[in-house]
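Listed below are the residues making up each chain.
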Amino acid sequence: MIKKVLVIAFNSLKVTFRDKGNLIWLIIMPIVWTTLIGTMSTTGGGDEKIPVGFLNSDRGIYGEVFEEILRKEESIKIVAMAEDDEDKMRNSVKDTKLSVGLIIPGDFSEKLKVREQVVIEILKSQGNSSYFLEELIEKTAHRISINALAANFTVEKISERRVVLEEEVLEDEKERIWEEAFVKADAFFEPAPSIGIEYVVLSVEKRDENIPIGVEASSPGFAVMFVMMGVCFAGVAMVQERHHKTLARLLTTPTEKFSIISGKMLGFFLVGFIQFMILILFGQLVLKVNWGNLPLGVLLLVVSYVLSVTGLGTLLSVVVRTSAQAGAFAVLISMVTSMLGGAWWPIEIVPRFMQNIARFTPQYWAINGFNKIITRGFGITEILPNFYVLLAISTISLLLAIRFFRFE
Amino acid sequence: MMNIIEVKELTKVYEGRKAVDSVSFEIKKGEAFGLLGPNGAGKTTTISMLSCLIPPTSGDAHIEGKSIIKEPIEVKKRIGVVPQDIALYPTLSARENLFFWGEMYGLSGRRLKEKVDEVLQVVGLTERSKDRINKYSGGMKRRINIAVGLLPSPKLLILDEPTVGVDPQSRTNILESLRKLNKGGLTILYTSHYMEEVEFLCDRVAVMDLGKIIAQGTQNELRLLAGKMDSLKISTIDEVQMRLVEVIKKVSETDEVKIADKAIEILTLQGRKVLPKIIELLGNNSIRIKSVEVEEPNLESLFLHLTGKELRD
């Protein structure tokens, strides 16, 4: 049974991608639209890095090292803040202009040197968390902690040796040894002086989220729209199959009805999934949209979204009678629901009632989820609601499609 | 010879109208059986029920003992179906289509490849097998449509008007191929509204009209049902003496013999059997023959006789 399901699915894929017209609609058009609309709507160069506020009060060198390490990370942008700008940084985090704010205390280096606990502060706004950023900061803190341990250890050992040799270690020399040891620190491990991290969650009075613009908005937006169109076109192909009687002929072979329906739906799903992956790769590699922040989250959203449009595409093929009708409805439904769902322009700029209507489209939940990952650097927890809603839409539409599936 | 298919009281009702009304027939192994009738007679509905595409309202049919209602998958394993429409993927090549349909019939690996090559050879399209179906002529598409039906090496090949819309040459090719397959032992159920095709291919025929079988039997049995005799019209160069009338009557086993100068007209039940004897008789009497015309009652005249309308009405 599974073999036949796969054979039917791959045959559908072959038939879909063999058609040059389909290739234009599935791949070429979305790429052109994404690039054109994205470029036209970009303001001031479109910085797609995650903004991280960095307030360094450290009187020693470790605060600077912390900043340097973070600056090497390509996906984030360090916004250096002056020591008396703490309030300003707190407000920026509250307003989500900064994804997080990091405060290095004045005694950071001193305490590390004497192996005392030191606390750095990470500011983040309510409901806005990025596991990627948190993990990055924790990793960096841990690294510095180890390096400090190594430096302490090295100076101590050399001092002991000099005592045996009755030689004095000068303070300048100690500093030099510290720095050298720090560089070679990776060789040493626990117990390291701990660097505590205290998260300060700032309440948000007015939620003014980062609104995606440029290719950051057009890449997920048009990917979502054209994938829906692509899957709906696969629905058109099934109307043609019904017309060509190949669907009915499948019933004359020793194959269960359920296998045929499953195979056809899997074919639709694969068309949408492959199309989505191509568009994501184009966005990532050519347009430099940061799709890679949370691969698992992207995958969850892509799978649940493509499943939901698979159900809707199959339903479309069941409802209409002719391929002309199917083609017209495919374009109409994809365009209208995509406009409503926020594929053409950020949903944040439309009136509240339109935003409420948008919630009835799968595009809204997909785009909203992608924005959380790409623009705001959110984690899995924050995109789970989007995933669940898409899964619910998928379940309902797929069950309806199976119930009303027609061979003739 | 054992029956490969037994159809009993098969009925299909659509919205209160009987599309097929208590149809019963049997087909013996190795036989070519024709379902003849005009459009709308119920042939396709009958075929669709036998192919397990639609369930009958009542009645049943067994193919090699397997019920179309209770064991549809077992039935489907035993039949090859060639639908009236060209049910192929136009953007795929003939070979790709055959591989796909072969896999749907459960074939795989080397067996699948061998079978695809074999059926391509049967329909004579090996050379063009890599061309896309939408580049084929109507006749070629029909041949690949038939090839799909042959893929599962079926016990029974069901063909529903497989020559609709093809040119005369392609039709002849298709019919010749089918006759060859039948002579090779393949049982065939063939529907058509073309009387000549059924006469050419089928041993036994059932004539359908308005959902019912109105007559069935061998071609000769059906001709006799029409109640008409064969007519032999012979023109001669030499004059035919009246004295020959009695001899001709005796040879023709009929009293219906007319002689007028240089023409003889004979009405007999066995025209084909009698003709050589008459030619020999005339030769022995030094009467040279100018032309011979034989008119036999056919299935068309039978249909006219039974329903009062023509097959293509």
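Along each chain, residue indices are assigned from 1 in the same order as the chain's sequence is written. All chains are assigned letters beginning at A, and all ligands numbers beginning at 1, according to the order in which they are written. Per-residue local features of the predicted model are confined to residues with pLDDT of at least 70, and side-chain atom pairs are confined, for both listing and counting, to 80 or more; whole-chain, interface and lining totals are unaffected and use all residues. Excluding hydrogens and water, the side-chain values take into account all heavy atoms of the structure.

Attention now moves to the overall build of chain B. When helices and strands are tallied, chain B shows 11 helices and 14 strands. The principal-axis extents of the C-alpha atoms in chain B amount to approximately 75 × 50 × 35 Å. Looking at chain B alone, contacts between residues at least 24 apart form 67% of all its contacts between residues at least 6 apart. The Shrake-Rupley method, run with a 1.4 Å probe sphere, supplies the accessible areas, and residue values consider only the shown protein chains as cover. As displayed, chain B has an accessible area near 14,600 Å², and 48% of this comes from carbon and sulfur atoms. Secondary structure elements are taken from DSSP: a helix is a run of H or I of four residues or more, a strand is a run of E of two residues or more, and numbering for both begins at the N terminus. Whether two residues are in contact is decided by their heavy atoms: any pair within 4.5 Å suffices.

Attention shifts here to helix α10 (residues 271-284) of chain B. Residues and elements named next belong to chain B. For α10, which comprises 14 residues, the first-to-last C-alpha distance of 20 Å matches the rise-based estimate of 20 Å (1.5 Å per residue) to within 8%. Within α10 the residues assigned to the buried category are Gly271, Val274, Leu275, Ile278, Leu281 and Leu282. Buried residues in α10, looked at end-on, bunch into an arc of 135°, giving them a common side. Those residues of α10 that are exposed and aimed more than 90 degrees away from the buried face are Arg272, Glu280 and Asn284. Contacts made by the buried residues of α10 are with β11 (230-236), α9 (244-252), β13 (263-268) and β14 (289-295). Once α10 ends, the next one or two residues include Ser286, with phi positive near 55°. Here, expected helix span is obtained from the residue count minus one, scaled by 1.5 Å. Each residue is placed in one exposure class: buried if its accessible area under a 1.4 Å probe, protein chains only, is under 20% of its type's maximum, exposed if it is over 50%, and partly exposed if it falls in between. This arc is taken over the directions from the axis of the helix to the C-beta atoms.

Quick look at the environment of B:Ile278 now. All names here are of chain B. Positionally, Ile278 belongs in helix α10. When the C-alpha positions of Ile278 and Asn298 are compared, they lie 23 Å apart, and in sequence the two are 20 residues distant. Residues in contact with Ile278, not counting those within four places in the same chain, are Ile234, Ile248, Val251, Ser252 and Ile266.

Moving on, we get to helix α6 (residues 168-183) of chain B. All names here are of chain B. The terminal C-alpha atoms of α6, which comprises 16 residues, lie 22 Å apart, in line with the 22 Å expected from a rise of 1.5 Å per residue. Along α6, the positions that sit buried rather than exposed are Ser170, Arg171, Ile174, Leu175, Leu178 and Asn182. Summarising the axial view, the buried residues of α6 lie within an arc of 130°, below the 170-degree limit, and thus occupy one face. When the buried face of α6 is taken as reference, the exposed residues oriented beyond 90 degrees from it are Gln169, Lys180 and Lys183.

All names here are of chain B. Two strands pair if DSSP finds at least two bridges between them. With mixed pairing, 6 strands are arranged side by side in an open sheet as β6-β7-β8-β3-β9-β10. Both edges of this open sheet fall to β6 (79-82) and β10 (212-218), since each of them pairs with a single strand only. Recorded for the sheet is a direction-independent mean angle of 15° between the axes of neighbouring strands. As paired elements, strand β9 (residues 204-209) and β10 share 6 bridges and run antiparallel to each other. Opposite Val205, over in β10, you have Gly217 as the bridge partner. Axes, fitted as lines to C-alpha atoms, cover a helix only where it is in contact. Angles between the N-to-C directions of the axes lie from 0 to 180 degrees. The strands touched by helix α1 (residues 43-50) within the sheet are β3 (32-36), β6, β7 (156-160), β8 (187-192) and β9, with β8 carrying the most contacts at an inclination of about 150°. Running at roughly 40° to β9, helix α11 (residues 299-307) makes contact with β3, β9 and β10 of the sheet.

Turning next to the sheet that holds strand β2 (residues 17-28) of chain B. Residue and element names in this part refer to chain B. What the 4 strands build is an open sheet, ordered β2-β1-β4-β5; its pairing is antiparallel. Each having just a single partner strand, β2 and β5 (66-67) make up the two edges of the open sheet. Note: strand β1 (residues 3-14) against strand β4 (residues 58-63), 5 bridges, orientation antiparallel. In the sheet register, Thr11 faces β4, and the bridge partner there is Ser58. Contacting β1, β2 and β4, α1 crosses the sheet at an angle of about 120° to β1.

Residue and element names in this part refer to chain B. In contact at an axis separation of 10 Å, helix α3 (residues 94-104) and helix α4 (residues 109-122) are set at 125° when each is read in the N-to-C sense. Comparing their axes, α4 and α3 come out oblique. Crossing handedness for the pair α3 and α4: right-handed. In this structure, α3 uses Arg95, Leu98, Phe99, Gly102 and Glu103 to contact α4, whose residues at the interface are Leu112, Lys113, Val116, Asp117, Val119 and Leu120. Gly counts as polar in this scheme, as do all residues outside two lists: the nonpolar Ala, Val, Leu, Ile, Met, Phe, Trp, Tyr, Cys and Pro, and the charged Asp, Glu, Lys and Arg. Its residues placed into classes, the contact of α3 with α4 shows 6 nonpolar, 1 polar and 4 charged. These descriptions rest on fixed angle ranges, namely under 35 degrees for roughly parallel, over 145 for roughly antiparallel, 65 to 115 for roughly perpendicular, and the rest for oblique. Throughout, a crossing is termed right-handed when the near helix is turned clockwise from the far one, and left-handed when it is turned anticlockwise from it by less than a right angle.

What follows covers the packing of helix α14 (residues 362-374) of chain A against helix α15 (residues 380-404) of chain A. Residue and element names in this part refer to chain A. Viewed as axis vectors pointing N to C, α14 and α15 meet at an angle of 160°, and their least axial separation amounts to 9 Å. As judged from the angle between their axes, α14 and α15 are roughly antiparallel. Both α14 and α15 take part in a crossing whose hand is left-handed. Taken together, the residues of α15 that come into contact with α14 (itself represented by Pro362, Trp365, Ala366, Asn368, Gly369, Lys372 and Ile373) are Glu382, Ile383, Asn386, Val389, Leu390 and Ile393. Taken together, the residues of the contact of α14 with α15 break down into 8 nonpolar, 3 polar and 2 charged.

Residue and element names in this part refer to chain B. Along the chain, the position of Thr236 falls in strand β11. At a separation of 2.7 Å, a polar atom in the side chain of Thr236 contacts the main-chain carbonyl oxygen of Asp238. Those residues in contact with Thr236 that sit more than four places away from it in its chain are Lys262, Ala263, Ile287, Arg288, Ile289 and Lys290. Whenever a nitrogen or oxygen atom comes within 3.5 Å of another N or O atom, the pair is scored as a polar contact, on the condition that within protein one atom can donate a hydrogen and the other can accept it, and that pairs from neighbouring residues in sequence are kept only if both atoms are in side chains.

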